[in-house]
Amino acid sequence: MAKDKTIYTCSECGGTSPKWLGKCPHCNAWNTLIESAAESSSPVKNRFASLAKASEVMPLSDIEATDMARTPTGHEELDRVLGGGIVEGGVVLIGGDPGIGKSTLLLQALDSLQRTGLSTLYVTGEESGAQVALRARRLGLDGSQVKVLAEIQLEKILATLEASKPAIAVIDSIQTVYSDQLTSAPGSVAQVRECAAHLTRAAKSSGVCIVLVGHVTKEGALAGPRVLEHMVDTVLYFEGDTHSSFRLVRAIKNRFGAVNEIGVFAMTEKGLKGVTNPSAIFLSQHSEPVPGSCVMVTLEGTRPMLVEIQALVDNGGPSPRRLSVGLDRDRLAMLLAVLHRHAGVACMDQDVFVNAVGGVRISEPAADLAVMLAITSSLRGRPLPKGFIAFGEVGLAGEVRPAPRGQERLKEAAKLGFSVAVVPKANAPKKAIEGLTIHAVERVEQAMEVVRSLA
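In this report, the structure presented in the accompanying data block is examined. Owing to the predicted nature of the structure, the values given are computational and were not obtained by experimental measurement. (Residues numbered from 1 in each chain as written. Predicted model: local features only at pLDDT ≥ 70, side-chain atom pairs only at ≥ 80, totals over all residues. Heavy atoms only, no water.)

This part takes up the overall build of the chain. Within the chain, the regular secondary structure consists of 10 helices and 23 strands. Referenced to the eigenvectors of the C-alpha coordinate spread, the extents of the chain come out at roughly 80 × 60 × 50 Å. Considering the chain as a whole, with its 455 residues, one finds that 47% of them fall into the buried category. Within the chain, contacts between residues at least 6 apart in sequence are counted, and of these 65% link residues at least 24 apart. (Helix = DSSP H or I, 4+ residues; strand = E, 2+ residues; numbered from the N terminus. Buried < 20%, exposed > 50% of the residue type's maximum accessible area, 1.4 Å probe, protein only. Contact = heavy atoms within 4.5 Å.)

Another point: helix α5 (residues 189-206). For α5, which comprises 18 residues, the first-to-last C-alpha distance of 26 Å matches the rise-based estimate of 26 Å (1.5 Å per residue) to within 8%. Within α5, burial applies to Ala190, Gln191, Val192, Glu194, Cys195, Ala196, Ala197, His198, Leu199, Thr200, Ala202 and Ala203. Of the surrounding secondary structure, the elements contacted by the buried residues of α5 are β3 (33-37), β6 (91-96), α4 (154-164), β9 (168-172), β10 (209-214) and α6 (227-231). (Expected span 1.5 Å × (residues − 1).)

Take unusual backbone geometry next. Omega for the peptide link from Asp172 to Ser173 comes to 5 degrees, which places this bond in the cis form. Position of Ser173 among the secondary structure elements: in the loop between β9 and α5. In this structure, Asn28 takes a positive phi of about 65 degrees despite not being glycine. Mapping Asn28 onto the fold places it in the loop between β2 (16-17) and β3. With phi around 55 degrees, Arg405 is a residue other than glycine that occupies positive phi space.

Moving on, we come to the side chain of Gln153. With respect to the helices and strands, Gln153 occurs in the loop between β8 (147-150) and α4. Excluding anything up to four places from it in sequence, Gln153 contacts Tyr178 and Asp180.

With that out of the way, let us pick up a nonpolar patch on the surface. Together, Met58, Leu60 and Ile63 make up an exposed nonpolar region whose accessible area comes to about 350 Å². Position of Ile63 relative to the elements: it lies in the loop between β3 and β4 (70-71). Taking the relative accessible area as the measure of exposure, Ile63 reaches 46% and is therefore partly exposed. (Patch = residues over 30% accessible without salt bridge, like charges linked within 9 Å, V, L, I, M, F, W, Y side chains within 5 Å. Areas by Shrake-Rupley, 256 points an atom, 1.4 Å probe, with all protein chains shown as cover. Salt bridge = Lys/Arg side-chain N within 4 Å of Asp/Glu carboxyl O.)

Attention now goes to the sheet that holds strand β13 (residues 262-268). Judged by pairing direction, the sheet is mixed, and its nine strands sit side by side in the order β8-β7-β9-β10-β6-β11-β12-β13-β14 without closing on themselves. Only two strands of the sheet have a single partner each, and these edge strands are β8 and β14 (271-274). The average angle at which neighbouring strand axes cross in this sheet is 25 degrees, direction not considered. Here strand β7 (residues 120-124) pairs with β9 via five bridges, running parallel. Across the sheet, residue Tyr122 finds its bridge partner in β9, namely Val170. Across the sheet, helix α2 (residues 102-115) is in contact with β6, β7, β9, β10, β11 (234-239), β12 (246-254), β13 and β14; its angle to β7 comes to roughly 155 degrees. Contacting β6, β9 and β10, α5 runs over the sheet at an angle of about 160 degrees to β10. (Pairing = 2+ DSSP bridges. Axes fitted to C-alpha atoms, helices over the stretch in contact; angles between N-to-C directions.)

Okay, the pattern of salt bridges next. What the rule picks out here adds up to 17 salt bridges. For Glu399, the salt bridge is made with Arg401, and the minimal N-O distance between the two is 2.8 Å. Taking the relative accessible area as the measure of exposure, Arg401 reaches 41% and is therefore partly exposed. In this structure, a network of salt bridges that share partners links the residues Lys204, Asp233 and Arg255.

Contact geometry of α2 with helix α3 (residues 129-138) gives a least axis separation of 11 Å together with a crossing angle of 75 degrees. The orientation of α2 relative to α3 falls into the category roughly perpendicular. Residues Ser103, Thr104 and Leu107 of α2 touch α3, and the partners they reach there are Val132, Arg135 and Ala136. (Parallel < 35°, antiparallel > 145°, perpendicular 65-115°, else oblique.)

Right, let's talk about the side chain of Gln191 for a bit. Positionally, Gln191 belongs in helix α5. Polar contacts involving the side chain of Gln191 include one to the main-chain amide nitrogen of Ser179, which spans 2.8 Å. Leaving out residues up to four positions away in the same chain, Gln191 has contacts with Val177, Tyr178, Ser179, Leu182, Ser184, Ala185 and Pro186. (Polar contact = N/O pair within 3.5 Å; in protein donor to acceptor, adjacent residues only side chain to side chain.)

Attention shifts here to the pairing of strand β18 (residues 350-356). Most of β18 is tucked away, with five of its seven residues classed as buried. Taken together, the four bridges between strand β17 (residues 322-325) and β18 define a ladder with parallel strand orientation. Each bridged residue has a counterpart across the sheet, and for Leu323 the counterpart in β18 is Phe353. In this fold, β17 hands off to helix α7 (residues 329-343), which returns the chain to β18; that crossover is left-handed. (Right-handed = clockwise from strand over helix to strand, strands pointing away.)

Glancing now at the sheet that holds β2. Ordered in space as β2-β1-β3, the three strands form an open sheet in which the pairing is antiparallel. Edge strands, defined here as strands with exactly one partner in the open sheet, are β2 and β3. Bridge analysis of strand β1 (residues 6-10) against β3 gives five bridges, and the strand direction is antiparallel. Looking across to β3, one finds that Ile7 is bridged to Ser36.

For the rest of this paragraph, the subject is the nonpolar core. Ile309, Val354, Ile362, Leu373, Ile375 and Phe388 are the most contacted members of the largest nonpolar core, which has 48 residues in total. Contacts of Phe388, omitting those with residues within four sequence positions, involve Cys294, Val295, Leu373, Phe418, Val420, Val422, Val451 and Leu454. (Core = buried A, V, L, I, M, F, W, Y, C linked by side-chain atoms within 4.5 Å.)

Residues of α4 that are buried: Leu154, Ile157, Leu158 and Leu161. Angular distribution of buried residues about the axis of α4 spans 95 degrees; they occupy a single face of the element. Each element contacted by the buried residues of α4 is listed here: β7, β9, α5 and β10. (Arc of directions from axis to C-beta.)

With that out of the way, let us pick up the environment of Ala185. With respect to the element layout, Ala185 can be found in the loop between β9 and α5. Look at Ala185 and you get partly exposed, because its relative accessible area is 48%. Spatially, the C-alpha atoms of Ala185 and Gly129 are 23 Å apart, while their sequence positions differ by 56 residues.

Purely geometric numbers; function is a separate question.
Right, dumping it as C-alpha cells:
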C-alpha cells in the first residue's frame, strides 16, 4: 500500500506548505505547521464518508429517540461514572498519571465483561503480551479469556477489530498508535488526531465500544490535541496520589450520562476495588471532637459525600501565610475578610492553614461556611459539638446562600449518624429529618451565635 502524500498546514491561518518550516510563509507565525494527510485529487471515496450519513431535514419532535442500551462492566463505581455501563458504538477516553491504575482497572473490567459472555480485545502498545499476562496473574484473573494484541500500527488494529468483532476493545494507549498515512512519530499531534478519528469511525460503523487510554502532561491535562476530547463520547480522569491507596475516577464529559460523576476505588493487592461508602475515607477518626475540625457535605455529581475540613490558626509573623490544600486559596483569603468584617473574628496577624482530609478537591462554594467555622474553632481553641455538620455559600455581604440539593445532603448526614446541622435558611427541610437537629441561618454572625450556644 503506497503512502498518501502529506502536507503541512498552519494552525493559525490555514495556509499550507509541502514541507515543514519553522515559520509559516503565509502569516509568519512560528512553529504552527502541523503535518496532515493531503486530500487526493482522484475521485475516490473519502475515508470518513461513513460518518456523514445522508439524512433529511426533520422537526425535532418527529425524530425517534430511544435510550441507549447499556452493558454493566461488573464494577459498580465504574458504571456510575460511565452513566450505567458501556454503550454500543461509544468511544471512551480515560486519562491519568503514570502508575495510577488505568491499565489495571480496564483489564479487570474486560475480564468481568468476558466472563459474562462478551467478546473483548485488549490492544497494548506499551507492554508485551507476556507483561499483560503477568499483571493478570497478580490481579488473580486466572484463566482469563481476554484476547490480547500487542500492536501499534493502526491499520493492523483496524483489521483485527474487523475480523474479531469484539463487543469492547481497549487501546492502551492512543499515543503509541501510528498510521502509515503519516510520516510523523507516534504521539505527535497529527498521529493522535488521525488515529483517534479512524478508531472513532470504526466504533460508530461496527458498534464496538472502544476505550482509549490517554497520556497526561506534567500539568495534568490530557496530552495531544484538545480536539481528541471533542471527538470522543466520554472523557474520564483518573485522579489520586500514587502514595495513597485511594483513587478517584471523574467524568468530565459524557454524552450518555451525567457529568461530574465520581467513582471511588481502593488499590489492593488484587487490583482496584470499588468503595461503596466513600465518606468514611474523607472523615478522620477522632475519638473526641478536636478544635479546627468541621464536617461538610459536598456534592460530586449525584452523590453526596461527607468531607472533613481542618483548619489550623497559628501565630504568624509580619506577613502571615494563607495556605489551603484541596480548596481555592483565593477564596480562603476572601472568607477571612468576610469573617473579620461581619463576624468580628480577626486573623490578620495569624497563619491560616486549611485542608480537605483525604486528598479530595472541593471546588463548590458550599464549603464556605464549614471553612469559616473550622477557622473560628481553631482560633478560639474550642472544638465544635460532636456529630456536627455545616454547609452553605457565604457572600461578601455576610449572607449565607443556599447550596444545591440540600435535602439530599442532610439525609446523607443523618444516615451516617450526624445529629446537629447548621445550614442556610433556604435549605431547611419542611419535614423534620429523624435524628438530625437543624439550625437554619441567614448570616455568618447567626451561624457563630448558634455554634457558641451549642458549645
